[in-house]
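Below, each chain spelled out in residue letters.
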Amino acid sequence: MNFLKIANTPPMGWNSWDCYGASVREDEIRGNAAYMAEHLQAYGWEYVVVDIQWYEPGANSSQYRPFVPLEMDEYARLMPAVNRFPSAIDGNGFAPLAAYVHSLGLKFGIHIMRGIPRQAVHANTPLLGTTATARDIAHTNSICPWNTDMYGVDASKPGAQEYYNSLFQLYASWGVDFVKVDDIAASRLYDSHLDEIQLIRHAIDQCGRDMVLSLSPGPAPIEYAETLMKNANMWRMTDDYWDHWSLLLEMFDRCEQWYPHVEPGNWPDADMLPLGHIGIRSVDGSGSDRWTRFTQDEQRTMMTLWCIFRSPLMFGGELRDNDDWTLSLLNNEEVITVLRESHSNRPLLREGQHIAWTAKGPNDTTYLALFNVGDEASTVTVTLDQLGLSSPQQVRDLWTREDLSSVQDRVEHRISAHGSMLLQLR
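Everything quoted here is computed from the prediction, not taken from an experiment.

**Re the overall build of the protein chain**
Now for step 1: Broken down by element type, the protein chain carries 13 helices and 21 strands.
Now for step 2: Each principal axis of the C-alpha atoms in the protein chain carries an extent, and together these give about 75 × 40 × 35 Å.
Now for step 3: Going through the 426 residues of the protein chain one by one, you find that 60% of them count as buried.
Now for step 4: Once local pairs closer than 6 in sequence are excluded, the contacts in the protein chain between residues at least 24 apart make up 72%.

Laid out in structure tokens, this is it:
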């Protein structure tokens, strides 16, 4: 199957990082999956993703413990820590947990780091499907600057492709549907690791199972857009994104840069949604165990931008703690329709603190997102001429689900500081 058809619309799901860091447990994965199936699946939410270091028995936060023993099989392939994922006992890996997620009608994903475990290289373990060993294929000068688990893989060495093939054969046997590969799209020490991206693409293509490929962290260089589009479904436009207005404001620039490369199967990724109850065991350098710092206006602005740009949506909070407001950001089918069904999405204007994006939708619909990124309430105006429309136009507010007055020549609304509106015109 053409991998671009696997993610024909932007993937939507939940990822464990923002609330549990590297320390998420099986019961927490199961609980969030059950919530998604009951409350969100009908709106398109489907992926349940276990983030980093599921193979580290002692992980207790988002702070990585350096050079600690990791759970690994005899072929240098990392395995779930059984003390955190009890169903992985006896070499079961993630197969039982994936089967549970699938039984709910959802899809299962995991995070991995680029490369091969350092402990496998030091032990010179054999690799499956080749006479090469871990030491033969390791690029020991290619390391991650923020995590000590792995060495890079030298793509020029015999056995490198076979090693990655063995990883994805294992993940296919578990029933994995989504793989987030880290330390690969951008690097603080090196350029993007294009050679390992291509090894991974080939490995997925031969594994016999469809898998969405997501690349982190960012910002991925725009000059590699063509290579990224040929190999991955998602790639990060940003480093780790948290609930700070300054980071949200920067995302408008990133979306303006990347929007020409948004198309079915290829989704530049604005990163996770730090909404709801986050930081339970995950620290971003400015506090832990809290609800999102974004105001309600900022939360809606983030969701509006992600949807009009068509970024993947990966919710970061503990789903089971959602209040009515947080749930309302996720189950508005009219807003989700913009994400899933719009096309020709583009920035329309940026004048001072006022920003507008537009897109086309089903049945000759036009979507219009208005943003006030200033620190004071102000009136944002877009003319129908700017939208290429003639009068009159019926207007609907998609967030409030209310029909507004029809307009003759312009759309004009007073918007609160850091606020937004998402409108449908027809």
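Back to the text.
**Thoughts on the sheet that holds strand β15 (residues 354-361)**
Now for step 1: Strand order in the open sheet formed by 6 strands is β14-β15-β16-β21-β18-β19, and the pairing between neighbours is antiparallel. Each of the sheet's edge strands pairs with one partner strand only, and the pair in question is β14 (343-351) and β19 (402-407). For this sheet, the mean angle separating the axes of adjacent strands, direction not counted, is 25°.
Now for step 2: In this sheet, strand β21 (residues 419-425) lies alongside strand β16 (residues 365-372) in antiparallel orientation, the contact comprising 7 bridges. Across the sheet, residue Tyr367 finds its bridge partner in β21, namely Gln424.
Now for step 3: The strands that helix α10 (residues 296-309) touches are β14, β15, β16 and β21; relative to β21, the one it contacts most, it runs at about 45°.

**So, helix α7 (residues 194-206)**
Now for step 1: Given a rise of 1.5 Å per residue, 13 residues ought to cover 18 Å, and the 19 Å separating the end C-alpha atoms of α7 matches this to within 8%.
Now for step 2: Burial in α7 covers these residues: Glu196, Ile197, Leu199, Ile200, Arg201, Ala203 and Ile204.
Now for step 3: Buried residues belonging to α7 abut β6 (150-153), α6 (160-174), β7 (178-182), β8 (212-215) and α8 (225-231).
Now for step 4: Following α7 by one or two positions, Gly208 has its phi on the positive side, about 85°.

**Structural notes on the packing of aromatic side chains**
Now for step 1: A full pass over the atoms with the stated rule returns 18 aromatic pairs.
Now for step 2: Where Phe94 meets Trp174, the ring centres are 5.6 Å apart and the plane angle is 90°; that geometry is what we call edge-to-face. A residue pair is termed long-range when its members are at least 10 positions apart, and Phe94 in the loop between β2 (47-50) and α3 (95-103) and Trp174 in helix α6 qualify at 80 residues. Accessibility assignment for this pair places Phe94 and Trp174 in one class, buried.

**Structural notes on the sheet that holds β2**
Paired through backbone hydrogen bonds, the strands of a sheet run either parallel or antiparallel to each other.
Now for step 1: Judged by pairing direction, the sheet is parallel, and its 8 strands sit side by side in the order β10-β9-β8-β7-β3-β2-β1-β13 without closing on themselves. At either margin of the open sheet sits one strand with a lone partner, and together these are β10 (267-269) and β13 (313-315). Averaged over all neighbouring strand pairs, the angle between strand axes comes to 25°, with direction disregarded.
Now for step 2: One ladder, built from 3 bridges, connects strand β9 (residues 234-236) with β10; its direction is parallel. In the sheet register, Arg236 faces β10, and the bridge partner there is Asp269.
Now for step 3: In this fold α3 packs onto β2 and β3 (107-113), with an angle of close to 140° to the strand it touches most, β3.

**Notes on helix α9 (residues 245-258)**
Now for step 1: Here α9 contains 14 residues, and its C-alpha end-to-end distance of 20 Å stays within 8% of the 20 Å for a straight helix at 1.5 Å per residue.
Now for step 2: Taken together, the buried positions of α9 are Trp245, Leu248, Met251, Phe252, Cys255 and Trp258.

**Describing the domain arrangement of the protein chain**
Now for step 1: Domain boundaries in the protein chain define domain 1 (3-341) and domain 2 (346-425).
Now for step 2: When each unit is reduced to the centre of its C-alpha atoms, the spacing between domain 1 and domain 2 is 34 Å.
Now for step 3: Contact with domain 1, which involves 26 residues of that partner, is made by 25 residues of domain 2.
Now for step 4: Buried area between domain 1 and domain 2, summed over both chains or domains, comes out near 2,400 Å², and the portion from carbon and sulfur atoms is 64%.
Now for step 5: On inspection of domain 1 and its partner domain 2, the count reaches 4 salt bridges.

**Focus: the side chain of Glu26**
Now for step 1: Note on placement: Glu26 falls in helix α2 (residues 26-39).
Now for step 2: We classify Glu26 as buried; its relative accessible area is 5%.
Now for step 3: Here the side chain of Glu26 touches Ser87 through a polar contact of 2.8 Å, side chain to side chain.
Now for step 4: Contact partners of Glu26, with chain neighbours within four places excluded, come to Arg84, Phe85, Pro86, Ser87 and Leu97.

**Some remarks on the packing of α10 against helix α12 (residues 333-341)**
Now for step 1: In contact at an axis separation of 7 Å, α10 and α12 are set at 35° when each is read in the N-to-C sense. Between α10, through Trp306, Cys307 and Ile308, and α12, the contact on the second element is made entirely by Val335, Val338 and Leu339.
Now for step 2: Partitioned by chemical class, the residues of the contact of α10 with α12 number 6 nonpolar, no polar and no charged.

Calculation notes
Residues numbered from 1 in each chain as written. Predicted model: local features only at pLDDT ≥ 70, side-chain atom pairs only at ≥ 80, totals over all residues. Heavy atoms only, no water. Helix = DSSP H or I, 4+ residues; strand = E, 2+ residues; numbered from the N terminus. Buried < 20%, exposed > 50% of the residue type's maximum accessible area, 1.4 Å probe, protein only. Contact = heavy atoms within 4.5 Å. Pairing = 2+ DSSP bridges. Axes fitted to C-alpha atoms, helices over the stretch in contact; angles between N-to-C directions. Expected span 1.5 Å × (residues − 1). Phe/Tyr/Trp six-rings, centres within 6.5 Å; stacked < 30°, edge-to-face > 60°. Domains from an automatic or database assignment. Buried area = accessible area lost by both parts, 1.4 Å probe. Salt bridge = Lys/Arg side-chain N within 4 Å of Asp/Glu carboxyl O. Polar contact = N/O pair within 3.5 Å; in protein donor to acceptor, adjacent residues only side chain to side chain. Nonpolar A, V, L, I, M, F, W, Y, C, P; charged D, E, K, R; others polar.

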